[in-house]
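Chain and residue survey
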Amino acid sequence: MNNSVKTDDVIFNFFKQICDEKDEHRCVELGNSWIKAMETNLSNMEANLDEKDRIKHKEDIQNNRDHLNGLKGKTSAEWKEYATKCMIEIMDSKV
């Protein structure tokens, strides 16, 4: 099994945890922790790019930041809907 499949499994399980969470407050906390982790990953990736690649990927980086900012303030129901869509995408990519 390659690393991307393992990563997809971890991400899928995290989103499943959001979907299965009964406590609405905890569900939102899980979603917010996803945002924070992805913001950290994005910052780390950007920091590791040389200047040429940073310029090349500037728009993609900003689009990812905008996407994460759009997730902020979601309700429990909205997080569950988002997580479900992400899980479906992961499953579709495995086919």
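In the block above lies the structure referred to throughout.
The notes below deal with the structure included here. (Residues numbered from 1 in each chain as written. Predicted model: local features only at pLDDT ≥ 70, side-chain atom pairs only at ≥ 80, totals over all residues. Heavy atoms only, no water.)

**So, the overall build of the chain**
Of the regular secondary structure elements, the chain holds five helices and zero strands. Helices (α) and strands (β) of the chain occur, in sequence order from the N terminus, as α-α-α-α-α. Its C-alpha atoms give the chain principal-axis dimensions of roughly 45 × 35 × 15 Å. Across the 95 residues in the chain, those meeting the buried criterion constitute 22%. Sequence-distant contacts in the chain: of pairs separated by 6 or more residues, those separated by 24 or more amount to 64%. (Helix = DSSP H or I, 4+ residues; strand = E, 2+ residues; numbered from the N terminus. Buried < 20%, exposed > 50% of the residue type's maximum accessible area, 1.4 Å probe, protein only. Contact = heavy atoms within 4.5 Å.)

**So, helix H4 (residues 58-71)**
Look at H4: 20 Å from first C-alpha to last across 14 residues, which is about the 20 Å you get at 1.5 Å a residue. By the burial criterion, the buried members of H4 are Ile61, Leu68 and Leu71. An end-on view of H4 places all buried positions within 80° of arc, on one side of the element. Facing away from the buried side of H4 by over 90 degrees, the exposed positions are Lys58 and Glu59. Buried positions along H4 lie against helix H2 (24-47) and helix H5 (76-94). (Expected span 1.5 Å × (residues − 1). Arc of directions from axis to C-beta.)

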